[in-house]
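A look at the structure
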Amino acid sequence: MAVRHFLTLLDFTPEELMAVLNRAIELKRLRQEGIIHEPFRGKVLGMIFEKSSTRTRVSFEAGMAQFGGSAIFLSPRDTQLGRGEPVEDSARVISRMVDIVMIRTFAHDIIERFAAHSRVPVINGLTDDHHPCQLLADLQTFIEHRGSLQGKTFAWIGDGNNMCNSYIHAAHQLGFRMQIACPYGFEPDPELLRQYAHCATLVKTAEDAAAGAHLIATDVWTSMGQEAEQSIRKRRFATYQVNPRLMDLASPDALFMHCLPAHRGEEISEDMLEDSRSVVWDEAENRLHAQKALMEFLLTGGS
């Protein structure tokens, strides 16, 4: 059977995505009830980090431990990935020694090249172009709080980055609409917007995006690797802050999400994470459950 990878949300069918999300909710319930579930005894996850992260490392490593398996953390100091050794050769070697691989890196082509030469499933823990694992957690959180995704309107406010791209893919796969507001010059790829015009619309202001939305999501204005642009971005993004006043323009039952870490006083107001409409801490926790469901699906075929 061909090895399945999870590099973007388009790698799964809509039905498979929903199966993973429903399983994540079930795995969360099992953990809350103290029920031990260890399908991965003897299994090893290789975690390759070229970009650091709190939530990605803790959720994957804890998830494997809870499943009875183990995880190996590999930082840029620990591997030859893309430096002394071609990505393709690293993939051939590492995938002979572990059962599944998660990579968090910069250029998306690195993970595509690794997956093309891997014997085992490869998961995108984040690239500059896509962040599908975070979207699984976001979608799980919305379903838990508000039910079906079908026909809903989600707002993305801020940088047209990897999170925005993955939200567009999610809208296409699962039947909701995106209203996207970004400063000029920081919009998503025009080709992506053209391809998904049926479910994603670029609007002029943050207020336009928030209007009637069932979810408002944002991210930091300056991501890892963009530090040299920080002062420029602060000026350009100044009118794209998410705050309670902006949330008031959304649907009365709207939720707020942020993939974290958050910069209070920049992309969000000082009080936004504590707002009653914020589900950010549930969203962060759900990285654990969604990724456990994802790994289980990839290693068992959903059986």
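Presented here is a report on the structure given in the accompanying data block. Residue indices follow the written sequence of each chain, beginning from 1 at its first position. Thresholds applied to this predicted model are a pLDDT of at least 70 for local features of residues and 80 or more for the giving and counting of side-chain atom pairs; totals over whole chains, interfaces and linings are not thresholded and use all residues. Values reported for side chains reflect all heavy atoms of the structure, with hydrogen atoms and water molecules removed beforehand.

With that settled, consider the pattern of salt bridges. Whenever a carboxyl oxygen of Asp or Glu lies within 4 Å of a side-chain nitrogen of Lys or Arg, that contact is scored as a salt bridge. What the rule picks out here adds up to 19 salt bridges. A salt bridge links Asp248 to Arg277; the shortest N-O distance between them is 2.8 Å. Residue Asp248 is located in the loop between helix H10 (244–247) and strand E9 (255–258), and its partner Arg277 is located in the loop between E9 and helix H11 (280–300); the two are separated by 29 residues in the primary sequence. If you follow the salt bridges from partner to partner, you end up with Glu26, Arg29 and Glu33 in one network. Numbered from the N terminus, helices here are DSSP runs of H or I no shorter than four residues, and strands are runs of E no shorter than two.

Moving on: the pairing of strand E1 (residues 44–49). With six of six residues buried, E1 is to be regarded as a mostly interior element. Judged by which residues are buried, E1 turns out to be covered on both faces: Val44, Gly46 and Ile48 on one side and Leu45, Met47 and Phe49 on the other are all buried. When DSSP finds at least two bridges between two strands, those strands are taken to pair. Direction of pairing for E1 relative to strand E2 (residues 70–74): parallel, over a ladder of five bridges. Looking across to E2, one finds that Val44 is bridged to Ser70. Three exposure classes are used, based on accessible area relative to the maximum for each residue type with a 1.4 Å probe and protein chains only: buried under 20%, partly exposed in between, and exposed over 50%.

Moving on, we get to the nonpolar core. Buried residues of nine kinds, namely Ala, Val, Leu, Ile, Met, Phe, Trp, Tyr and Cys, make up a nonpolar core once their side-chain atoms join them within 4.5 Å. One finds Phe6, Ile123, Tyr167 and Phe176 to be the most contacted residues of the largest nonpolar core, which totals 56 residues. In this structure Phe176 touches Leu139, Leu149, Gly151, Lys152, Phe154, Tyr167, Ala170, Ala171 and Cys199, once residues within four positions along its chain are discounted. Ala206, Ala210, Ala213 and Phe256 belong to the second largest nonpolar core, which has 22 residues in total. What makes two residues a contact is simply this: any of their non-hydrogen atoms within 4.5 Å.

Burial of strand E4 (residues 122–126) is extensive: five of the five residues sit out of reach of the surface. With the strands aimed away from the viewer, a crossover counts as right-handed if its path from the first strand over the helix to the second runs clockwise. The handedness of the strand E3 (residues 100–104) to E4 crossover, carried by helix H4 (residues 108–116), is right-handed.

The next thing to look at is helix H2 (residues 55–66). Each helix should span, by expectation, one fewer than its residue count multiplied by 1.5 Å. Relative to the 16 Å expected for twelve residues at 1.5 Å per residue, H2 spans 16 Å between its end C-alpha atoms, a close match to the ideal helical length. Looking at the buried residues of H2, the elements they touch are E1, E2, E3, E4, helix H5 (132–146) and H11. Of the residues trailing H2, Gly68 is marked for its positive phi of about 90°.

Let's shift gears to the packing of helix H3 (residues 87–94) against H4. Where H3 contacts H4, the two axes come as close as 8 Å, and the packing angle between them is 45°. The orientation of H3 relative to H4 falls into the category oblique. Crossing angle aside, the handedness with which H3 passes H4 is right-handed. When H3 is examined against H4, the residues Val87, Glu88, Ser90, Ala91 and Ile94 are found in contact with a partner set consisting of Ile110, Arg113 and Phe114. Residue polarity follows a fixed list, in which Ala, Val, Leu, Ile, Met, Phe, Trp, Tyr, Cys and Pro are nonpolar, Asp, Glu, Lys and Arg are charged, and the others, Gly among them, are polar. Among the residues forming the contact of H3 with H4, the class breakdown is five nonpolar, one polar and two charged. For every element, the axis is a line fit to its C-alpha atoms; helices are fit only across the contacting stretch, and the angle between N-to-C directions ranges from 0 to 180 degrees. With respect to orientation, any angle under 35 degrees is reported as roughly parallel, any angle over 145 as roughly antiparallel, any angle of 65 to 115 as roughly perpendicular, and every other angle as oblique. Less than a right angle of anticlockwise turn of the near helix away from the far helix marks a crossing as left-handed, whereas a clockwise turn marks it as right-handed.

Read from one edge to the other, the open sheet built from five strands follows the order E7-E6-E5-E8-E9, with strand pairing classed as parallel. Only two strands of the sheet have a single neighbouring strand rather than two, namely strand E7 (200–203) and E9. The sheet shows a mean angle of 20° between the axes of neighbouring strands, direction not considered. Here strand E6 (residues 177–181) pairs with E7 via four bridges, running parallel. Within E7, the position partnered with Ala181 by the bridge is Val203. Across the sheet, helix H6 (residues 162–174) touches strand E5 (153–157), E6, E7, strand E8 (215–218) and E9, and the angle it forms with E6 is around 155°.

Its place among the elements puts Lys51 in the loop between E1 and H2. Lys51 sits in the buried class, given a relative accessible area of 6%. As used in this structure description, the phrase polar contact means that two N or O atoms lie within 3.5 Å; if the pair is within protein, one of them must be able to donate a hydrogen and the other to accept it, and residues adjacent in sequence are counted only when both atoms belong to side chains. At 2.9 Å, the side chain of Lys51 and the side chain of Asp128 are in polar contact.

Turning next to the environment of Gly185. Residue position: Gly185 is located in the loop between E6 and helix H7 (190–195). Gly185 sits 25 residues away from Gly160 along the chain, and the two C-alpha atoms are 9.2 Å apart.

Here the focus is the packing of aromatic side chains. Two rings belonging to Phe, Tyr or Trp (six-membered ring only in the last case) form a pair when the distance between their centres is within 6.5 Å. Interplanar angles under 30 degrees mark stacking, angles over 60 mark edge-to-face geometry, and anything in between is tilted. Inspection of every chain in the model, using the stated rule, returns eleven aromatic pairs. Consider the rings of Phe12 and Phe297, whose centres lie 4.9 Å apart with planes at 45°: the pair is tilted. Taken together, the residues Phe12 in the segment before helix H1 (14–32) and Phe297 in helix H11 connect sequence positions 285 residues apart. By way of ring pairs, the aromatic residues Phe142, Phe154, Trp156, Tyr167 and Phe176 are connected into one cluster. Above the ring of Phe73, the side-chain terminus of Arg57 is found at 3.8 Å from the ring centroid. Two conditions define a charge sitting above a ring: the NZ of Lys or the CZ of Arg must be within 6 Å of the ring centre, and it must be within 35 degrees of the ring normal.

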